[in-house]
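Fold and contact review
The lines below spell out each chain.
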Amino acid sequence: MSTEIKTVEGITKESTQAMINEVLELYPEKGKKKRAAHLAPNDQASGSACVKSNKKTVPGVMSARGCAYAGAKGVVWGPIRDMVHVSHGPVGCGWYSWGTRRNLMSGITGVNSFPMQFTSDFQEKDVVYGGDKKLATLLQEAKDLFPLAKGISVLSECPVGLIGDDINQVAKVASKELDIPVIPCNCEGFRGVSQSLGHHISNDTIRDYIIETREFPEPVGPYDIALIGEYNIGGDAWSTKPLLEECGFNVKAVWTGDGEMDRIAATHQVKLNVIHCYRSMNYMCKVMEEKYGIPWIELNFFGPTKIRESLRKLAELFDDSIKEKVEAVIAKYDPQMQAIIEEYKPRLDGKKVMLYVGGLRPRHTINAYEDLGMTCVGSGYEFAHTDDYDRTASEMPDATVVYDDASEIEMEHFAHILKPDLIGSGIKEKYLFQKMAIPFRQMHSWDYSGPYHGYKGFPIFARDIDMAVNSPTWKLVEAPF
Amino acid sequence: MANNLGLKVKPVTEIPEAEVNRVAAWINTEEYKEKNFARQALVINPAHACQPLGAELAAHGFEGSLPFVHGSQGCASYYRSTLNRHFREPAPAVSDAMTEDGAVFGGQNNLHEGLENSYKLYKPKMISVFTSCMPEIIGDDLTAFIKNARIKGFVPNDLPIPYANTPSFNGSHIHGYDAMLLAILQTLTQGKKVEGRCTGKLNLLPGFDANTGNIREYKRILEAFGIPYTVLADISDVFDSPNDGTYRPYPGGTKLEDAADSVNGKVTLALGTYSTAKTYGWLKDNYSGKHASIPMPFGIAKTDAFLLKLSELTGKPIPASLKEERGHAVDLLTDAHQYIHGKKFAVYGDPDYLLGLVSFLLEVGAKPTHVLCSKGTKKLEKELQALLDSSPFGKEGKVYVNKDLWHLRSLVMTEPVDAIIGDTHGKFAARDAKVPLFRFGFPIFDRVNLHREPLIGYQGVMNMMSTICNKFIDVVDETCDDRQFEMMR
């Protein structure tokens, strides 16, 4: 946690509040009142949230949020590579979430790796008569066609919950008959206010159905850890896992990027959980701490400053041999990272960035931008909770704007006033800001690039940010006539 | 010890390599194909989306029209991001963010608050409402809700608010498109029909077609004819807007007054008999003038038919420029047929696209071998079969309706083809089969600019032909041995 108060020239609490007030004037009374609580200038020294969060989206505003199903399928369950994940309900949800989060997988598709779209493609008759029978047949078919699948998850979409199907019972029976875990996950999209509840529900199902059902054949070692909340976007896990291994750790399981069911199920045997995406998996870390006494530590692998800080924090929990290895790793990579900074910082120094992403990166990446000389002038989350905003206050410069579940019109307004040199947000925001001639990177999916995590990721991150900000194409936007 | 599922605790195991190899070989076999085709309940890699996505596309096609999802927030995000990814353009749409309490109490409060907010914030000229699953299941009454919203003053009385029921557990994106388009036209044309008035214009319904180049091409053809026109649901500027440093939420779209006056048109022509079936049925009974619904003009024969139909309906001769263009296209086909003749294709996609693409392949001597629609009817199956039967090149072709891309994979692994035509989702099957995928369809997530390249008309023929033939030539160049690496192909 940084202690010095960071400031940005021209930005004061008053100027930020005035900017917020202006955008609130666009709303009708009721909408204005609801949104006001979600927009505020940061108070860096306080170390606590300045906005309300995890509340219902205001109807009729252009929100970027997804749903519980999206959190369950797209984030937590979907990336486990050796399981069949069934989108149970109508065809759309599975179709839209198919491959779009870029959680890369090893293995042979359809054999021992399943980055495919499995759905029960609900029809009207399923809604009227219930879909349980169809589900039972479907599970048998999945087992027959994909004999090497280690398990099946059943992720329910809205209609399933509304008509009251009992997928839990179907899953229970099928598990026994097929002799593989069939995990029912009641993650209907209407539950909760965002993706976030989907993460929680999924964590609960891992707790109830998966963990402790497998054991590692080899004895537990002192450096056995699990990497939690790492989804292998653009190959992130293939950067962080080897890095931790280079530091002397045995990464026994990754949750859930390129994840394996068996290994996740045996995670109760590790010595420590290292969590990256706190928002989506802090519940599970807490469960494992309470139930199995496994401590956990929250780390950040974006940019050399945070990687260094994180690795040292981690080493502190272990013996001298780990500390030595960690120092050696830092010493090995620091010059490489310095070279990257020297290459890109001259072109990025003093540039302003506005962030608006899911539940973690708006605070985790701030320092990586700062490593490149950039300043974050606005930050916010689609589906964060108070504890995320608590963790954001100290990272964000003082008095800069913090927005929760920002509507598109708010983001647009802030961008007009703050004139950022880069916006890091999602696909729904990308093209509107590019039309405004503001350079943009998709920070959910790394804009089809990556990895961005770890030492392997930082050079790619730096290159991509430089490419976005300094692309000569932006100079062509204004016609000479 | 047993877990919640009653399963025993097992050791973490790796699947032996030999077993992985065995299954990897097995999934390419006839035996597997049979098993795969015996599926009753499981759908794997479908090539269709749900109704509301189509509804949103139709809603975007009108000036100042704000697509409004009555249902869960997440649904709206999914439709928007899908359109963003395909067009690489903004897709501004809102939802009224229904949650559990909506499920219990109904979605009227959400709809009212949503209408009030979106009207004030985004200043639309029309709010086009369509549903996702939740309100469909709980049975929300949109007619009453919208009426109440007007009474309570959340939206002005004169703001058009067409609405369509688009349950995702029924039909596919093309049906949602049809339902929303119908609702919009019914709303806008209400009370606008004037006895004796004729706009002199042709109404053109392109149907669910996420190719902005196609829409522009229709317009160019009509202009060449000198036929005044209104495209009903014109997405061409909406999803192909210039970058000049200004973001406009509603770039282009069919003018609302033109859409309203379309009821007094001279001619109405629907292209694609499947994706505008309901709309066409309605406007045949309600619109002035002449009407026709014909297949999309893919390939020479269907483009000829399109132009002849235009001429017949409007009394205008086919312009010389288009006849010359036909000559250019045919010239290319005769020049390039050798690269495509006898080549086998697997084709999948929406009904109207399939009919057009198969027709094109047959007329250039290619063999559509597997023709697959993951959401289709018996009628479509018959129509496609009749099309195949009409040509000696269709002799080996088979039609598969309500089969998905995992079925397609089995087909191309057991009965190989030279190429696949479809959307981006086919890239995995194409890679396994080691053949090219020609991305003529929706969605295309992994290539740039293809939505601007017209596939219809003579220009479309030339685009498809050169794309296909040049790729085949590329493959030869990339894979031949040095001795056969020739200057001339």
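Computed from a prediction, not measured in an experiment: that's the story for all the values here.

About the thresholds
Residues numbered from 1 in each chain as written. Chains lettered and ligands numbered in written order. Predicted model: local features only at pLDDT ≥ 70, side-chain atom pairs only at ≥ 80, totals over all residues. Heavy atoms only, no water. Helix = DSSP H or I, 4+ residues; strand = E, 2+ residues; numbered from the N terminus. Rg over C-alpha atoms; globule rule 2.2 N^0.38 Å. Buried < 20%, exposed > 50% of the residue type's maximum accessible area, 1.4 Å probe, protein only. Contact = heavy atoms within 4.5 Å. Areas by Shrake-Rupley, 256 points an atom, 1.4 Å probe, with all protein chains shown as cover. Lys, Arg positive; Asp, Glu negative; His and termini not counted. Charge placed at Lys NZ, Arg CZ, Asp CG, Glu CD. Pairing = 2+ DSSP bridges. UniProt positions renumbered as here; feature names shortened; annotations may be inferred. Buried area = accessible area lost by both parts, 1.4 Å probe. Salt bridge = Lys/Arg side-chain N within 4 Å of Asp/Glu carboxyl O. Polar contact = N/O pair within 3.5 Å; in protein donor to acceptor, adjacent residues only side chain to side chain. Nonpolar A, V, L, I, M, F, W, Y, C, P; charged D, E, K, R; others polar. Right-handed = clockwise from strand over helix to strand, strands pointing away. Phe/Tyr/Trp six-rings, centres within 6.5 Å; stacked < 30°, edge-to-face > 60°. Lys NZ or Arg CZ within 6 Å of the ring centre and 35° of its normal.

**As for the overall build of chain A**
Tallying secondary structure elements over chain A gives 20 helices and 15 strands in all. In summary, chain A has a C-alpha radius of gyration of 23 Å against a globular reference of 23 Å for 481 residues, a match within 12%. The principal-axis extents of the C-alpha atoms in chain A amount to approximately 65 × 60 × 45 Å. Within chain A, the proportion of its 481 residues that are buried is 67%. Long-range pairs, those at least 24 residues apart, make up 73% of the contacts in chain A with a sequence separation of at least 6. Of the roughly 15600 Å² of accessible surface on chain A, 52% is carried by carbon and sulfur atoms. The average position of the 54 basic charges and that of the 65 acidic charges among the side chains of chain A differ by 2 Å.

**Comments concerning the overall build of chain B**
The secondary structure content of chain B amounts to 19 helices and 15 strands. Relative to its length of 489 residues, chain B is compact, with a C-alpha radius of gyration of 24 Å against a globular reference of 23 Å. Counting only C-alpha atoms and orienting by the principal axes, one finds that chain B spans roughly 80 × 75 × 45 Å. The buried share of chain B, taken over its 489 residues, is 61%. In chain B, of all internal contacts separated by at least 6 residues, the share reaching a separation of at least 24 is 74%. Working note: accessible area of chain B is about 18500 Å², and carbon and sulfur atoms make up 51% of it.

**Comments concerning the pairing of strand S5 (residues 126-131) of chain B**
Residue and element names in this part refer to chain B. Of all six residues in S5, six are buried, a share of seventy percent or more. Residues Met126, Ser128 and Phe130 point to one face of S5 and Ile127, Val129 and Thr131 to the other, with burial holding for every one of them. As defined by bridge partners, strand S3 (residues 65-70) adjoins S5 across six bridges and the pair is classed as parallel. Its bridge partner lying in S5, His70 is registered against Thr131. Examined bridge by bridge, S5 and strand S6 (residues 163-164) share two bridges and lie parallel to one another.

**So, the UniProt feature "domain: Nitrogenase/oxidoreductase component" (unreviewed entry) in chain B**
Look at the UniProt record and you will see "domain: Nitrogenase/oxidoreductase component" (unreviewed entry) annotated at residues 50-472 of chain B. Across residues 50-472 of chain B, the secondary structure splits into 47% helix and 13% strand, with the terminal C-alpha atoms separated by 34 Å.

**Comments concerning the side chain of B:Thr369**
All names here are of chain B. Following the sequence through the fold, Thr369 ends up in strand S12 (residues 367-373). For Thr369, a relative accessible area of 6% translates into the label buried. In this view, Thr369 contacts Lys344, Phe345, Glu396, Gly397, Lys398 and Val417; residues no more than four positions away in its chain are not counted.

**Concerning the interface of chain B and chain A**
Listed as interface residues are 91 residues of chain B and, on the opposing side, 99 residues of chain A. Across the chain B/chain A interface, buried area totals approximately 8300 Å², and carbon plus sulfur atoms make up 63% of it. At the boundary of chain B and chain A, one finds eight salt bridges. Between A:Asp179 and B:Lys10 there is a salt bridge, and its shortest N-O distance comes to 3.7 Å. Counting across the interface, chain B meets chain A through 36 residue pairs in polar contact (both at pLDDT 80 or more). Broken down by element, the residue count for the side of chain B that touches chain A peaks at 10 residues, all from helix H4 (residues 73-87) of chain B. Here the residues of the side of chain B that touches chain A are counted per class, giving 45 nonpolar, 28 polar and 18 charged. Sheet analysis places strand S3 (residues 118-119) of chain A next to strand S2 (residues 43-44) of chain B, joined by two bridges and oriented antiparallel. The partner of A:Phe118 across the bridge, within S2(B), is B:Ile44.

**Thoughts on unusual backbone geometry**
For the bond running from A:Gly450 to A:Pro451, omega is 0°, close enough to zero to count as cis. As for its position among the elements, A:Pro451 is in the loop between strand S15 (440-442) and helix H20 (454-470). At the junction of B:Phe442 and B:Pro443, the peptide bond is cis and its omega measures out at 0° in the coordinates. We note that A:Lys419 has phi near 45°; this positive angle belongs to a residue other than glycine. Mapped onto the secondary structure, A:Lys419 falls in the loop between helix H18 (408-418) and strand S14 (422-425). Take A:Lys419: its relative accessible area is 58%, and that puts it in the exposed class. With phi around 50°, B:Ala97 is a residue other than glycine that occupies positive phi space. Accessibility expressed as a relative area gives 4% for B:Ala97, which makes it buried.

**Here's the deal with the pattern of salt bridges**
Residues and elements named next belong to chain A. This structure, assessed with the given rule, holds 67 salt bridges over all chains. Between Lys332 and Glu246 there is a salt bridge; the shortest N-O distance is 2.7 Å. Of this pair, Lys332 sits in helix H14 (residues 320-348) while Glu246 sits in helix H10 (residues 237-246); the two residues are 86 residues apart in sequence, bridging distant segments of the chain. A salt bridge links Glu298 to Arg363, with the shortest nitrogen-to-oxygen separation between them at 3.6 Å. Taken together, the residues span a long stretch of sequence, with Glu298 in strand S10 (residues 296-298) and Arg363 in helix H15 (residues 361-364) at a distance of 65 residues.

**Some thoughts on the UniProt feature "domain: Nitrogenase/oxidoreductase component" (unreviewed entry) in chain A**
When the UniProt feature table is mapped onto this chain, "domain: Nitrogenase/oxidoreductase component" (unreviewed entry) is found at residues 67-469 of chain A. Here residues 67-469 of chain A is 49% helix and 16% strand, with 32 Å between the C-alpha atoms at its ends.

**What about the pairing of strand S13 (residues 398-401) of chain B?**
All names here are of chain B. As paired elements, S12 and S13 share four bridges and run parallel to each other. Residue pairing for S13: His370 is matched across the bridge by Lys398. For the crossover from S12 across helix H16 (residues 378-389) to S13, the handedness is right-handed.

**Re the packing of aromatic side chains**
Overall, the coordinates contain 34 aromatic pairs over all chains when judged by the stated rule. Between A:Tyr369 and A:Phe461, the ring centres sit 5.1 Å apart and the planes meet at 65°, which makes this aromatic pair edge-to-face. Taken as a pair, A:Tyr369 in helix H16 (residues 366-371) and A:Phe461 in helix H20 lie far apart in primary sequence, 92 residues in all. Taken together, A:Tyr69, A:Trp95, A:Tyr96, B:Tyr78, B:Tyr79, B:Phe130, B:Tyr177, B:Phe208 and B:Phe442 form an aromatic cluster joined through their ring pairs. Taking NZ or CZ as reference, B:Lys343 lies 5.2 Å from the ring centre of B:Phe472, over its face.

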